[in-house]
Each structure stands twice: as C-alpha cells, then as structure tokens.
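# Per-entry structural report
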Amino acid sequence: MDGTALSARHSLSPEIAQLVARHKLGGPLERAFYTAPEVFAADLARIQHRHWLFAGYTFQIPKPGNYFTYRVGTESIIVVRGREGEIRAFHNVCRHRGSRICSAEAGHAHRLVCPYHRWTYELDGALVLDTRREFGVDKESLSLKPVSVVDAAGLLFVSLSDQPPDFSDALATIRRKMKPHAIGRAKIAHQVDYIVKANWKIVFENNRECYHCPPNHKEYNTAAYDVQRDQAMLDPSLQPGMDAIVARANARFRALGLDEGDAMSTMTGVSWRCHRTPVVEGFVTQSMDGKPLSCLMGDIKEWDSGTLRTTVFPNFWQHTNCDYAAAARLTPIGPDETHVRAYWLVDEKAVEGKDYTLERLLPIWDITNKQDWTICEAQQAGVSSHAYTPGPYSLVRERNVAHFLDWYLDELRA
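Residues numbered from 1 in each chain as written. Predicted model: local features only at pLDDT ≥ 70, side-chain atom pairs only at ≥ 80, totals over all residues. Heavy atoms only, no water.

The next point concerns the nonpolar core. The biggest cluster of nonpolar side chains holds 59 residues, and the ones touching the most others in it are Phe-33, Val-203, Leu-361 and Tyr-408. Here the element with the most residues in this core is helix α14 (residues 399–413); it accounts for eight residues. In contact with Val-203, not counting residues within four places along its chain, are Val-196, Ala-198, Trp-317, Leu-330, Thr-338, Val-340, Trp-373 and Cys-376. Counting 25 residues, the second-largest nonpolar core is a separate cluster that includes Leu-155, Ile-174, Met-178 and Leu-308. (Core = buried A, V, L, I, M, F, W, Y, C linked by side-chain atoms within 4.5 Å. Buried < 20%, exposed > 50% of the residue type's maximum accessible area, 1.4 Å probe, protein only. Helix = DSSP H or I, 4+ residues; strand = E, 2+ residues; numbered from the N terminus. Contact = heavy atoms within 4.5 Å.)

Considering the arrangement of structural elements, one finds Glu-398 in the loop between α13 (363–383) and α14. Of the side chains with opposite charge, Arg-397 comes closest to the buried, unpaired Glu-398, at an N-O distance of 7.3 Å. In terms of polar contacts, Glu-398 uses its side chain to reach the backbone amide nitrogen of Ser-394, at 2.7 Å. Excluding residues that lie within four positions of it along the chain, Glu-398 makes contacts with Glu-209, Tyr-211, Pro-392 and Tyr-393. (Lys, Arg positive; Asp, Glu negative; His and termini not counted. Salt bridge = Lys/Arg side-chain N within 4 Å of Asp/Glu carboxyl O. Polar contact = N/O pair within 3.5 Å; in protein donor to acceptor, adjacent residues only side chain to side chain.)

Further remarks concern the pairing of strand β12 (residues 307–312). Burial analysis of β12 places six of its six residues in the buried class, which makes it a mostly covered element. Relative to β12, strand β11 (residues 272–277) runs antiparallel, the two sharing six bridges. By the bridge assignment, Arg-276 is partnered in β12 with Leu-308. Here β12 runs beside strand β13 (residues 316–320); their pairing, made up of five bridges, is antiparallel. Each residue of the ladder has a partner; that of Thr-310, found in β13, is Gln-318. Taking the residues between adjacent antiparallel strands as the criterion, β12 and β13 are bridged by three residues. (Pairing = 2+ DSSP bridges.)

Let us now look at the packing of aromatic side chains. According to the stated counting rule, one finds 21 aromatic pairs in the structure shown. With 5.8 Å between their ring centres and 70 degrees between their planes, Phe-54 and Phe-157 make a pair best called edge-to-face. A residue pair is termed long-range when its members are at least 10 positions apart, and Phe-54 in strand β1 (residues 53–57) and Phe-157 in strand β9 (residues 155–159) qualify at 103 residues. Overall, Phe-54 belongs to the buried group, its relative accessible area being 0%. When its relative accessible area of 0% is taken as the criterion, Phe-157 is described as buried. Measuring from centroid to centroid gives 5.1 Å for Phe-313 and Trp-407, while their planes differ by 55 degrees, and the two rings are tilted. Placement of the pair is Phe-313 in the loop between β12 and β13 and Trp-407 in helix α14, with a sequence separation of 94 residues. Each member of the pair, Phe-313 as well as Trp-407, carries the same accessibility label: buried. Here a set of aromatic residues connected by ring pairs shows up, and it is made of Phe-33, Trp-200, Phe-204, Phe-313, Trp-317, Phe-404, Trp-407 and Tyr-408. (Phe/Tyr/Trp six-rings, centres within 6.5 Å; stacked < 30°, edge-to-face > 60°.)

Further remarks concern the sheet that holds strand β2 (residues 66–72). Pairing within the open sheet is antiparallel, and its seven strands lie in the order β1-β9-β8-β4-β3-β2-β5. Pairing within the sheet leaves two strands with one partner each, and these edge strands are β1 and β5 (106–108). Here the average twist between neighbouring strands, direction ignored, is 30 degrees. With three bridges joining them, β2 and β5 adopt antiparallel strand pairing. What sits directly across from Asn-66, in β5, is His-108. (Axes fitted to C-alpha atoms, helices over the stretch in contact; angles between N-to-C directions.)

Below, the structure written as structure tokens:
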C-alpha cells in the first residue's frame, strides 16, 4: 500500500481530531502528541509515509548494483543504482509472498533476489522469472513496486506516496545552492547512530531554536553566530552590529560566486530551508577553534564560505561548510523513541590522518548532539507527566518551533 493510500486509510480518530482542534496557533502541543500510540500511528501515516524523506547520499551507491535500504515504520525501501547509472527506489517487498528482499542495510547485487523462493528482479525492478505457465500471471504485472526518489545535488529524498507533495521549489533551490559543495563527490568520514528517548517532534523542535544554546552549548556557541543573532533580536541596539556582520559575509559570498543570506536564517519554504549564514567572524568554518577541519570541499576555492543550512521537514538537516558537512537523519521508532543517524562528510579526496583527523572533526557536533539528546530526553520525561500543560513560546526565539508545529498540524488535518 502506498503512502497516499496509507494516509487515506488512516483517518483521524475523534480524540486526535479534538486534540488538533484545541491547539492554539503558534503554541506548544498537548501531552498526547508526544506520548499516545494512536498519534504516533497518525504521524507515520500522514507525515512520514507521505512526505519527502532524506534517505541517503548518491555517493553511497556509486556503481551499478550498489544499493542501500531505509526503513520507516512498517515500510522498507531499496535505493539502487541501475546499469545505466540511474537511481531508482522500490518497496523492499517481494511480489510473490511479500518477503523482504534485501535484509542488509547496504550492499551490491547483480540482480535483486528474494531469499525465500529466489524470485529475481532486474535493477530496474522487472521480474526475471516467467510466471505465465506456473502462476497464470504475466511477469510484467509483478515488477517491484516503485518509490519516488529525487536527487537534490547529491542528497537523495524518497516519498512513499504515489502523489508526493510538490517538492519542485526545494529541489531547484537546494540544487543551486548546494552545487559548489559537490556533495555527490563527498564521502562519509564518520557516522554515528544515536537512539534518543524522545518523540521525533521533540527532537525536531530542539533543532528549530537556539534559545537553549547559551546554557547548554558552550562549544557550538563558540563557532556559530546564532546566540548573537538572538540577542540582537531582543536588543535593537545590537542589530546594526549584526547587520554589519551579515553585510561583510555577503560581500565575501558574492566574491566567491555563492548565494547570499541574512541574519534570520528563516525557512525558505513552508517545510524546508536552504540558507547560507555567516560563521563567527575570525573563523573559517564551524570548528572548536575556527580553524579548518579538512581540505576544501567540492568546488569551493577559498576558506570561509559560511554555513549552508539545509532543513527539510520531517527528518533532515545539514550544515555544509567550506571543508566538511554535518548532517542528521531522523527516523521515528515509537512515541517516545527516535533514531538519529549523524553524518560527517568530507571531500572524496580527503585523506584521514593527512587532511583531517576524527579527533578534530567530530567533537563540535558530537558534543552538541549529545547535549541536545539529553535536553530532548528530559523534555520527553516532563511532557509524559500528567502535570504537564503547554507553556508559552517566545515570540522571538521560538517562532521557528511554532512554525514547525503549525506545519505539522496542518499536515495532520490534510
């Protein structure tokens, strides 16, 4: 069953509909949104199984027959490179008895072979077995069921819906702004899987604001201008200084042939963002000391290209610097549990021990991630209490959280 059918079959219960109806625009969610199994089921059907999800990178499947799998809820997807170099995605479900075809997370296959009865499929999803005589059905009707997949400058997004939401503006913008970084010619220097004991929305809410940064992220605050920006929004006398920082950064970006940005780094579209921001003046990248962490990435020719912040609801964000990128892919596991895969990318030609070391590359984001997961788990514990009632959001420093939740509720209503 495709994503559209899943969401159509999963009508909101009266209880969830009442929760949605009671929500105050621009405010936090009630307890059940973070704890109730029926809300989690609705999240899977109406959000995760319908919207565009980041699944992985093109460089992970460089040759024909290379594949990786991605699972969200009950749905498993195979993303594979075909014989002519094209990238396709399929439901990881055999058309015979429904067995999973690929059990490994990644691999290489000349053809896709179901382990149960050896039904075999070409890399374009076509069934090889002639089923007419024994099964009474033409093999053409038994190809693997396709899944929509798009390449956004090396980032692969999939949608389980047969009528995915319009992604054209996001695709065009990400492709244009990400192009100089040549993510398709990058590689994973390191990857970490975190299991966060919190609802996926709590994890995303945490990403959407830096109100929590001053007391929690000493390392991140050193390299990012977010705290300065928030202070300027609260104190108008600081705004001219912030404007001057952005103007100097934009002049540099123009000289490098890159896109420009502003201090706010607000959403580019309703459900996505691709926006270049400065790093702290005197720094060339987001690192503990402001110094490079690897060699220049892709087609970037000089240090300090700012940070290209890319966010796509409901499961992805990435900070792309001149020398490396740090990204996160969120996968809901249960009402109070989320799998976060963190990536550190460097240029494909970067050599560990020469151009970068993990001791220098990892800390700023690994430390920040772990600090965030501690915050998220504490919030999950609190909102799970019957004593919890939603409090007010800051109209300045938490408006991006409100934007995310308003989008989420609109999608539940859709």
